[in-house]
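# What the coordinates show
Read off the chains here:
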Amino acid sequence: MVQFSRICFRKYGNFVDNLRLYVRGGGGGMGLPRLGGQGGNGGDVWVVATKNMTLKRIKDKYPQKRFVGGAGANSSVRALKGERGKDKEILAPVGITVTTDDGKILGDLNTEGDRLMVVKGGHGGSYHSVFEPSKGQSKNIRLDLKLIADLGLVGFPNAGKSSLLAAMSNATPQIANYAFTTLKPEIGKLMYKDYKQISVADLPGLIEGAHINKGMGHKFLKHVERTKQLLFVVDVCGFQLASKTQFRSAFEAVQLLTKELELYKEELVSKPALLVVNKMDLPDAEDKLAELKDQLQNPDEFSDLLPDDMIPKNYMTFRHVVPVSASTGFGVDTLKSCIRESLDEDAAMATKAIHQDRLQALRYHSHKQL
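This one's a predicted model, so the numbers in the text were calculated from it and none came from an experiment.

About the thresholds
Residues numbered from 1 in each chain as written. Predicted model: local features only at pLDDT ≥ 70, side-chain atom pairs only at ≥ 80, totals over all residues. Heavy atoms only, no water. Core = buried A, V, L, I, M, F, W, Y, C linked by side-chain atoms within 4.5 Å. Buried < 20%, exposed > 50% of the residue type's maximum accessible area, 1.4 Å probe, protein only. Helix = DSSP H or I, 4+ residues; strand = E, 2+ residues; numbered from the N terminus. Pairing = 2+ DSSP bridges. Axes fitted to C-alpha atoms, helices over the stretch in contact; angles between N-to-C directions. Salt bridge = Lys/Arg side-chain N within 4 Å of Asp/Glu carboxyl O.

All right, on to the nonpolar core then. With 32 residues, the main nonpolar core has Leu-230, Phe-232, Leu-261, Leu-275, Val-277, Leu-296 and Phe-318 as its most contacted residues. Mapped onto this core, the elements with two or more residues apiece are helix H4 (217–225), strand S13 (227–235), helix H5 (250–264), strand S14 (273–278) and helix H6 (285–297). It is H5 that contributes the most residues to this core, 8 residues altogether.

Turning our eyes to something else, we now look at the sheet that holds strand S8 (residues 115–119). Across a sheet, strands are paired by hydrogen bonds formed along the backbone, either parallel or antiparallel in direction. On the basis of which strands lie adjacent, the open sheet formed by 3 strands has the order S5-S3-S8 and mixed pairing. Each having just a single partner strand, strand S5 (88–92) and S8 make up the two edges of the open sheet. Sheet twist, expressed as the average angle between the axes of neighbouring strands with direction ignored, equals 25°. Relative to S8, strand S3 (residues 45–49) runs antiparallel, the two being bridged by 4 bridges. Within S8, the position partnered with Val-48 by the bridge is Arg-115.

On to the pattern of salt bridges. Under the definition given, this model contains 14 salt bridges. Ionic pairing is found between Glu-252 and Arg-248, a salt bridge with its closest N-O pair at 3.5 Å. Each member of the pair, Glu-252 as well as Arg-248, carries the same accessibility label: buried. When salt bridges that share partners are traced, they join Arg-20, Asp-101 and Arg-142 into one network.

This is the structure in structure tokens:
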């Protein structure tokens, strides 16, 4: 089995599905005691579900990850009622859950335009507060992209994704020997001896041109975003979608799938991925597998097999390349072990990152107190 984990970790982390932010409502404005003037209230902070937004974009655009509402204006002779502070909006992707640091759910943003207030601004100074304003609320929040599954199966129609899911798990997808048998995501659960469960989504068959919405295009790619890792599935002998379309080898299928993901959203290509080479029960499968492994290790040498506009900017790096036969069961247990290993590795890395985050926050607060 070929393993490329070393290369993969250099790139790991470009895809962001969890983000921690500091939010604070704006402070209220001062009241004016001698004229009974009232200060303006501070602005609130909202999270707003927005089309085509990603957590990575928020992280890149706001490296400090701090969002503060506008301060309320002080009361003055010219304006006894101080102006309210401006609200701050955090534009976030659709399909996120907003939680507090300790995991309490504040709300879900499932459709474009959904809004959630995360902290309120402070009150302006008034007669009731002896004209002293109050500070805005403040807290750390987490934006979590809601995942439909741990793994998403990515492959052209008829690569054997549904059969593979049935062989690995308790799912019973509709299986037939023609393209497009999967029209909605089918979720299967992989069960392990220690009772660990891993969910796998068989997503609608991707076709060349999916990024411009041919076939199930965008619906498929949107689901891919919501899985932790990708499981590419290719037919060891290659495939032909229809009599009029070109035959594609297994290597070409891998590169075309990569290109489709890249054209839809470049950061998808940096998700951790495994490659399943299916239909190993077919004649000449061993020779074709050896050829594919050679091509994957030196992709530049074989890129002339592809049209120029279908060569990906970055070749996919796979943590494991696993040969299987969904119909005979060959290699299925090995695949389940590789999936478990890959997800466990990432979970350990994520836990470490959260600990470092918290440590940094503690240091920051203790430094401020000094």
